[in-house]
Structures are given as structure tokens and as C-alpha cells.
Amino acid sequence: PKAQEPSYPGRGLHPALDQVLDQWRALLVRIDAEGAALRARLTPQDVRQLHRARALFHLCSVLPCALYYLGTSERPNKFPATISFTIRKGPPRWAHHAVWCAGWALMGDVIRRAGSGWVQRFSASMFATGVWTVVVFRLGHGRASDVAHFLGAASYMIDHEVLSRLLGVGRAYRLGFRVAFAVLIGALARGHALERRGGGGGDHFFVFLPG
């Protein structure tokens, strides 16, 4: 008998759309399968090491911000400001890079031992995207650099969705991340519009929007 075609929202509207949805579905299945295999190979030591990496990534969001608002890189400060803005220069920049790289070193070591070639390649590409975004093309170095930063930042945020599925992060937390991402985009767009209206230069983040 003929195999029944998969059915999910959006399927059947157009052949081209069906193909895209099928490929997307296959990708999600692959990510979940790779994630299950990765987690099955984790040792108790690996889990502890991932927890230490997570603590460093949390610190990475707090320490540079605190240093920025202590005035270690510039005065007057801007509030509110994105992470990208606060780590443009000075001690916040170097603190971020040091803690971020330390977190990636711990997590990358676990992935090297327990992850498949596919997971390792993804992780390497995600790390490279982060370097592209916050090291090579940090904010405030011209329009072309800001465009490259924007594209890298968007890609790195999307990579978080893949990484969270690989590591088995709960659906509630993944949903929270998506909501926070959407709120961030909306807040940045609104902030950009307000600064332009007030004669400011904007956050150099929404470089595609007309000034």
C-alpha cells in the first residue's frame, strides 16, 4: 500500500511549500535524533561540566553589563542598551570575550567527546558565528560592519534554538527564549524609531531601517 504522506499545518497549500515543510520537518527530526544520541553518551562528569559552562554563559550576560554601567568603558552610559552595545570596547568587551570563550571551551570539550560529527560541525559553526558577531564585527565600526554584526547576531540567536533542542532543554524554556527574542526585536525597533525621532544616532543595530 502507498505510504501515507505526513500531515501538519500548512501542508497541501502548494507543492513548493510542501517541499520546504518536509525539509524543515526532516531537519527537526535529525536535530532531535542527534540530541538524543548526544545526551545518551553524556557521563556524570560531562553533565557537571555542562553545568559549569552554563554558569559561565550566565555570568557572560551579567559581568560585562555591570562593568559597563560602572563606567569602565565610557561616560555617560546609555540605558537601556543591548549586550552588543555594552561590549563594544574597554573592560566590558574583554570580560565578555574571556568568560564567553571559557564557557565555550568547557561545552566544546563535552561535545567533542560525546557529540557526533554533525553535532561537532554545528557547534563549531555556532562558535564561529559568535566570533564573527562580537569579535570581528562589533558595533560602531561603520555601516557595513554593523550589517555584518546584525546578520551574525540573528544567526547566533537562531543557533540557540538548535542547541537547546540538542541539549534537551524543556519546551517551556524554549518558548520563553522565543518570546524574549520577539520582545527584543520589538523593543529594538521601537527604540530605534524613538532615537531617530529625537535626533539620536540609534543603537547602530537596525541598520536596514531608514533613518
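Just above sits the structure.
Throughout what follows, the structure given in this document is the object of discussion. (Residues numbered from 1 in each chain as written. Predicted model: local features only at pLDDT ≥ 70, side-chain atom pairs only at ≥ 80, totals over all residues. Heavy atoms only, no water.)

**Let's talk about the overall build of the protein chain**
Working step 1: When helices and strands are counted, the protein chain shows seven helices and zero strands.
Working step 2: Along its sequence from the N terminus, the protein chain presents helices and strands in the succession α-α-α-α-α-α-α.
Working step 3: Across the 211 residues that make up the protein chain, the buried fraction comes to 35%.
Working step 4: Within the protein chain, contacts between residues at least 6 apart in sequence are counted, and of these 59% link residues at least 24 apart.
Working step 5: Of the accessible surface of the protein chain, which amounts to about 12500 Å², a share of 66% is contributed by carbon and sulfur atoms. (Helix = DSSP H or I, 4+ residues; strand = E, 2+ residues; numbered from the N terminus. Buried < 20%, exposed > 50% of the residue type's maximum accessible area, 1.4 Å probe, protein only. Contact = heavy atoms within 4.5 Å. Areas by Shrake-Rupley, 256 points an atom, 1.4 Å probe, with all protein chains shown as cover.)

**Digging into the pattern of salt bridges**
Working step 1: Here the structure, examined in full by the defined rule, presents nine salt bridges.
Working step 2: Across the pair D109 and R113 runs a salt bridge whose closest N-O atoms are separated by 2.4 Å. One end of the pair, D109, and the other, R113, are both in helix 4 (residues 90-114), four residues apart, so they sit about a helical turn from each other.
Working step 3: On the accessibility criterion, R113 (38% relative accessible area) is partly exposed. (Salt bridge = Lys/Arg side-chain N within 4 Å of Asp/Glu carboxyl O.)

**Quick look at the packing of aromatic side chains**
Working step 1: The final tally for this structure, using the stated rule, is ten aromatic pairs.
Working step 2: Judged by centre distance (6.3 Å) and plane angle (85°), the ring pair of Y68 and F85 falls under edge-to-face. With Y68 in helix 2 (residues 44-69) and F85 in helix 3 (residues 83-86), this residue pair connects regions lying 17 residues apart in the sequence. There is no split in this pair, since Y68 and F85 are both buried.
Working step 3: Look at W132 and F137: their rings are 4.6 Å apart centre to centre, the planes differ by 55°, and that puts the pair in the tilted class.
Working step 4: Owing to a relative accessible area of 22%, F137 belongs among the partly exposed residues under this scheme.
Working step 5: For K78, the ring lying beneath its charged end belongs to F85, and the centroid distance is 4.8 Å.
Working step 6: The ring of F85 has R88 lying over it, and the distance from NZ or CZ to the ring centre is 4.0 Å. (Phe/Tyr/Trp six-rings, centres within 6.5 Å; stacked < 30°, edge-to-face > 60°. Lys NZ or Arg CZ within 6 Å of the ring centre and 35° of its normal.)

Geometric values such as these leave the question of function open.
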